[in-house]
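Chain and residue survey
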Amino acid sequence: MDRRRFANWSLKTGIVAAIAALIPGVVTLRGRTRTAATRGVEPGDRLVFALGDNAGEPISEGSFTQNEAVLAYPEGKSDNHENLAMVCKLDPAQIQPPTDLAGTAHGIVAYSAICTHLGCTARFSEEPMEQAPFPHIHCPCHGAMFDPQHGCKVLGGPAPRPLPQLPIKLNGKGEVIVAGPFSAPIGVKA
Amino acid sequence: MTVPRWLDERLALERFRAKYLGKPFPVHSTFFFGEIALFCFAILVATGLYLALFYEPSAQILPGRGAMPAAYASTLLIDSHPFGALMRRIHHWAAHLMIAAVVLHLLRVYFTAAYRKPREVNWLLGLGLLGATLAASFAGYLLPFDQFSVTATAIGYGIARSVPWVGSTLADLVFAGQFPSSATVPRFFAYHVVWAPLALAGLITGHLVIVLKQKHTEMRRAGVRTDAAEGAYIHGIPLWPEQVALMGALFLVMLGVMAALAAFLPVHPSAFYGPPQPATPEVKPDWYLLWVYGALRLIPGTLSFKLFGATIGSEVFGAMLVPGILSLVIVLVPWLDRGPSSLYYTEPATASPVRLALGLATIALFLALSLAGFGAELGLSVPVLWIITVAAPVAVAWVAHAVARRRSEQLHAPGGATS
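Let me sum up the structure you'll find in this document. The model shown is predicted, which means the values in this text are computed figures rather than measured ones. (Residues numbered from 1 in each chain as written. Chains lettered and ligands numbered in written order. Predicted model: local features only at pLDDT ≥ 70, side-chain atom pairs only at ≥ 80, totals over all residues. Heavy atoms only, no water.)

When you go through chain B residue by residue, the secondary structure sums to 17 helices and six strands. When each of the 419 residues of chain B is scored for burial, the buried share is 42%. For chain B, the proportion of contacts with a sequence separation of at least 24, taken over those separated by at least 6, is 74%. About 21,800 Å² of surface is accessible on chain B, with carbon and sulfur atoms providing 73% of the total. (Helix = DSSP H or I, 4+ residues; strand = E, 2+ residues; numbered from the N terminus. Buried < 20%, exposed > 50% of the residue type's maximum accessible area, 1.4 Å probe, protein only. Contact = heavy atoms within 4.5 Å. Areas by Shrake-Rupley, 256 points an atom, 1.4 Å probe, with all protein chains shown as cover.)

See the structure below:
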């Protein structure tokens, strides 16, 4: 090997090595979340109002009338957006499988409020809409519709899968507490 | 010894004047769209420099006065003084106008076939500029950190998560964590204030240097000979003083119009939208993303299947495949067009009926997809919107092609006008 060949080789190898040395640094771009935000929902958590004047107060059986729903977080875990749940009060006679009936109580049933299409917060519908019976849950972003009386199965719109159910039960004071984890992954799935 | 002569002896200004200040600029009203985009960028940088002096790129909740993130509080601070509010609203209007100007400029270049050899490289640089502008706009939209900002960015995060196989990692890298993470706002601030402006400045420089080198195209005019010798001369107004005067006037008119719009039409009222809440408001994206919104509304959730472990559903079709295929076709236009190239001249829009028809049909498609986002408000069901989305571009293409064919037959008929 003469000097020219060596100089060419070392230049090319040096450039490739310099670029390759940067690649492990890409992992530093990954997201960092504060430790509290990684806490998910756990059995025994009390559900509290997520919004409004009584935000932070526990939800109990008397908090709402039939065919109404509220947004809720497990107490103390509101910094993890994926914990957002929609607690609905429905007519117990109308709730059917695939809803897990053991995870409901006196017509109160809870689902994830994060739409499975692109992650917006879904809403409980206050009025009947075309193509959907009342009550139903719909998403204001792209019009996905879910049936809370049948496990939040998809009634229409672009959502690919139902909203996961959050099993709940009532404690001695009639407050809604979590009985188990969400029945499926939350929100958008790759 | 005068000042100009003193400078000339040191900087060779006379040589510069002779070589550059006389360069001719062809004139046509539609040739101004690129300049409008450039001036919008200048106004965005100027107003952005001011806004950056006050903005706090942090989602930390400030104690007291309700759960207000620091970024949102700094936005309210900027709005609290009339001058700050004016700067922020001019920034907003200039952003929208820049996107509109870039799109109109793209359409002008397309319809006059100014992308043909040797200008393919500039076509690609221009599309890079469109992409960088949209990226800057997306990142900037989060910064006020109000309800609307967070909702729009959450949807972008959902789309990133939906990318098959690499979605979670991609979203994690781009958004610095699971949205809304505390690390997202500082990262988007970096994208919007450092990465995007540098990319835009670099691409603009390349774009303009190539135009300088290849010379701006001009439109053929009747009565002007176009043989090879004639083509060696560009017909236009000199850079100094006529073109500079026109550019100065255009810039001042634009600044005046944007200041008037900003003063009398308040946009993105963060104080009214309020800080981010768990509930999602009924929002639609800004006009330039309505077509993606419409595509997402049109594609049903039932069209979903698994491929090698990834879910291919309506998000992939609406937010990745439809925009991806349209973008790819637009990128490939200079290679799909087999027409004769010209170093100096544009081609009239009607000279190639196929080009005209496809261009107008694509515009019709974008408009139909944007319309599809308003199905609920207009009372149109999803199947009806599908019919409109397919039929409108086909109808427009048919009519445009027929009209252009007839025009071009008349021009070339014996006894008719010759080009």
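Residue and element names in this part refer to chain A. With respect to burial, strand S3 (residues 85-89) is a largely interior element, five of its five residues being buried. Of the two faces of S3, both are covered, the one formed by Ala 85, Val 87 and Lys 89 as well as the one formed by Met 86 and Cys 88. Bridging between strand S2 (residues 68-74) and S3 involves five bridges; their strand directions are antiparallel. Paired with Val 70 across the two strands is Val 87, which belongs to S3. In terms of strand pairing, S3 meets strand S4 (residues 108-112) through five bridges, oriented antiparallel. Along S4, the bridge assignment pairs Cys 88 with Val 109. (Pairing = 2+ DSSP bridges.)

Residue and element names in this part refer to chain B. Looking at the secondary structure, you find Thr 389 in helix H17 (residues 382-412). What makes Thr 389 buried here is its relative accessible area of 9%. One polar contact links the side chain of Thr 389 to the main-chain carbonyl oxygen of Leu 385, over a distance of 2.7 Å. With residues near it in sequence (within four places) discarded, Thr 389 still touches Leu 298, Leu 365, Ala 368 and Leu 369. (Polar contact = N/O pair within 3.5 Å; in protein donor to acceptor, adjacent residues only side chain to side chain.)

Residue and element names in this part refer to chain A. Following the criterion strictly, the structure yields one disulfide over all chains and no others. Disulfide partner of Cys 120: Cys 141, at an S-S distance of 2.1 Å. A torsion of -95° about the S-S bond marks the disulfide between Cys 120 and Cys 141 as left-handed. One end of the pair, Cys 120, is in the loop between S4 and strand S5 (123-124); the other, Cys 141, is in the loop between strand S6 (137-138) and strand S7 (145-147), with 21 residues separating them in the sequence. Like Cys 120, the residue Cys 141 is buried in the burial classification. Here Cys 88 stays free of any disulfide, with the sulfur of Cys 152 as its closest cysteine sulfur at 6.6 Å. Given the relative accessible area of 0%, Cys 152 is considered buried. (Disulfide = S-S within 2.5 Å.)

We now examine the sheet that holds S4(A). The five strands lie next to each other as S1-S2-S3-S4-S9 (chain A), forming an open sheet whose pairing is antiparallel. Two strands bound the open sheet, and with one partner strand each, they are strand S1 (47-49) and strand S9 (165-166) of chain A.

So, on to the environment of Thr362(B). By secondary structure assignment, the location of Thr362(B) is in helix H15 (residues 353-372). When the C-alpha atoms of Thr362(B) and Pro393(B) are compared, they prove to be 6.6 Å apart, with 31 residues separating the residues in sequence.

Turning to a nonpolar patch on the surface, a few remarks are in order. All names here are of chain B. On the surface, Leu 124, Leu 321, Ile 325, Leu 328, Val 329, Leu 332, Trp 335 and Leu 336 cluster together to form a nonpolar patch covering roughly 740 Å² of accessible area. Mapped onto the nonpolar patch, the elements with two or more residues apiece are helix H13 (314-331) and helix H14 (333-336). Tracing the sequence through the fold places Val 329 in helix H13. (Patch = residues over 30% accessible without salt bridge, like charges linked within 9 Å, V, L, I, M, F, W, Y side chains within 5 Å. Salt bridge = Lys/Arg side-chain N within 4 Å of Asp/Glu carboxyl O.)

Between its first and last C-alpha atoms helix H3 (residues 33-51) of chain B spans 26 Å; for 19 residues at 1.5 Å apiece the expected length is 27 Å, and the two agree. Contact partners of the buried residues in H3(B): helix H4 (70-80), helix H5 (82-111), helix H9 (184-214) and helix H10 (239-264) of chain B. (Expected span 1.5 Å × (residues − 1).)

To continue, consider the interface of chain B and chain A. In this complex, chain B contributes 37 residues to the contact, which on the side of chain A involves 35 residues. The contact between chain B and chain A buries some 2,900 Å² in all, and 52% of this surface belongs to carbon and sulfur atoms. The interface formed by chain B and chain A includes two salt bridges. Across the salt bridge formed by Arg123(A) and Glu282(B), the nearest N and O atoms sit 3.3 Å from each other. On the surface where chain B and chain A come into contact, there are 12 residue pairs in polar contact (both at pLDDT 80 or more). Secondary-structure elements contributing two or more residues to the side of chain B that touches chain A are helix H7 (147-161), helix H8 (167-174), helix H12 (290-298), strand S6 (310-312) and H13 of chain B. (Buried area = accessible area lost by both parts, 1.4 Å probe.)

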